[in-house]
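Structure at a glance
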Amino acid sequence: MSFARIINRRAICLLGGVAAGTVGAAGLASSDFRGGSFFNGDNNNPKYNGGRWWKGLAGTSAAAAPGLRIAEMEKDRTPEDFQKVYNAIAKKLIDEDEYDDYIGYGPVLLRLSWHSSGTWDMNDNSGGSYGGTYRFQKETDDPANKGLQNAKAFLEPIYEQFPWISHGDLYTLGGVTALQEMQGPKIPWRPGRVDLPENATPENGRLPDAENGADYVRNFFQRFGFTDQEVVALIGAHALGKTHMKNSGYDGPWGAATNTFSNEFFVNLLNEQWKAEKNEAGNTQYNSPSGFMMLPTDYSLKEDNVYLKYAKKYAEDQDAFFEDFKNAYKKLIENGIQFPEGTPTITFKTLDEQSD
C-alpha cells in the first residue's frame, strides 16, 4: 500500500478522533511543526574539499566574488541516483508512519527543508540551504527549530545509506519527497549544495515569529524578495501537521487532513468561526468549534485585503494554489545558489507512479 493511500486512511481515522541572484525567504509560522508550523574557515570535510563537478569554476568565481555559492554536484552522480535517495526516504515514511499519532514524518520533513533554507540573508548570501549547516548543534538548538531534531534523526540513516549526498541536498530533498508523497505538487529540484564548515552556521534568530500580524509578515518576507502572492502560497503549507505546545507554545491542527497536502488551510481560514483565545502558554491563537487553530500570522491573511485576495483564490482553486506553491517553494530552497549550466533539474516519480 502506498504512502499516499495510507495517509488518506489515517487522516480520516484521526479526524474521527538559480539562476544567479535568485531571491526568496524564510518560511512563516511558529517554532513548531513536528507536524506543525514554519514560524516562530578551514574545512576538513572530505565531501567539501573534493570530488564534485565544476570545482575549478567554483573556486575561481568564489575568489572573485566572496559569498557566491555555486552548486557542485557529486562527480558521476545521475538523476537516477537521487531518485534512489527519494525512494529510500519515501519508503521510510511508510515504515515509520506511526510517528506523531499517525500523522507521520512528512510534515516535519517539509518544515526542516523550510527552516534550513529560511536562514538565508540576501545581504551577504549567508545561511540558507546551501551549506547544510542545520547538522551543527548551534543551528539545531535555535529555539525556532525546536522539534526539528526528529526530522534530522529520521534522515540520518538515509545519509548513512547514501554518504555521497550533501546535507543541504538531503534536507531539501527530504522536503520535496514528503510534499510529493503527501499528494502535493511536483517540485523541480536541483542538486549541488555543499557541506560547509561549522563556522558558516548562521546566527540564531533569523526565523520568523508567529505572534504578529500582517505588517510583520509583509516586512519579514520583503527582506527576501517574496511577493504577497508567494507569501500567501507558502503559508498554505500549514494544511499539514499540527502545532505542539511543548515545541512552539501553540496547540492543535489547522485542519482535518494533517498529512495530505491540499488547499484546506485556506478553506478553513475563510469558513470556520474563529475566536481569539489565550492558550496555556499565554500566546494568542485562533480556535474554531471544529477543533482547528490558526496562528496570528495565519489569521492575518484574512485581515489584510491584499493577502485576502490570494487566500480566496486558493480556497476556490486548489490547482492554482499548487502551481504557486510549487514555484515559491522552489525559490525558497534555492535562495542564494548559482546553478551552472548543465545542472540537472530533476522531477521525481512518486512511489505510486513507480508501481503503476
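Scroll up a little and you will see the structure.
Please read all numbers here as calculations on a predicted model, not as lab measurements.

Section: helix H10 (residues 214-222)
Burial in H10 covers these residues: Ala 214, Val 217, Arg 218, Phe 220 and Phe 221. Relative to the axis of H10, the buried residues are bounded by an arc of 165° and lie together on one face. Looking at the buried side of H10, the elements it contacts are helix H11 (228-235), helix H14 (296-303) and helix H15 (305-316).

A look at the packing of aromatic side chains
Scanning the entire structure with this criterion turns up 22 aromatic pairs. Pairing Phe 82 with Trp 164 gives two aromatic rings, centres 5.2 Å apart and planes at 80°, and the pair type is edge-to-face. Taken together, the residues span a long stretch of sequence, with Phe 82 in helix H4 (residues 79-95) and Trp 164 in the loop between helix H8 (149-161) and helix H9 (167-181) at a distance of 82 residues. Across this residue pair, the class does not change: Phe 82 and Trp 164 are buried. Ring geometry for Tyr 286 against Tyr 299: centres 4.0 Å apart, planes inclined by 10°, an arrangement best described as stacked. Placement of the pair is Tyr 286 in strand E5 (residues 284-287) and Tyr 299 in helix H14, with a sequence separation of 13 residues. Here Tyr 286 and Tyr 299 have matching classes, each one buried. Three or more aromatic residues joined by ring pairs make a cluster, and in this case those are Phe 261, Phe 265, Phe 266, Tyr 314, Phe 321, Phe 322, Phe 325 and Tyr 329. Its end group placed over the ring of Tyr 307, Arg 218 keeps NZ or CZ at 4.3 Å from the ring centre.

What counts, and where the lines are drawn
- Residues numbered from 1 in each chain as written.
- Predicted model: local features only at pLDDT ≥ 70, side-chain atom pairs only at ≥ 80, totals over all residues.
- Heavy atoms only, no water.
- Buried < 20%, exposed > 50% of the residue type's maximum accessible area, 1.4 Å probe, protein only.
- Helix = DSSP H or I, 4+ residues; strand = E, 2+ residues; numbered from the N terminus.
- Arc of directions from axis to C-beta.
- Contact = heavy atoms within 4.5 Å.
- Phe/Tyr/Trp six-rings, centres within 6.5 Å; stacked < 30°, edge-to-face > 60°.
- Lys NZ or Arg CZ within 6 Å of the ring centre and 35° of its normal.

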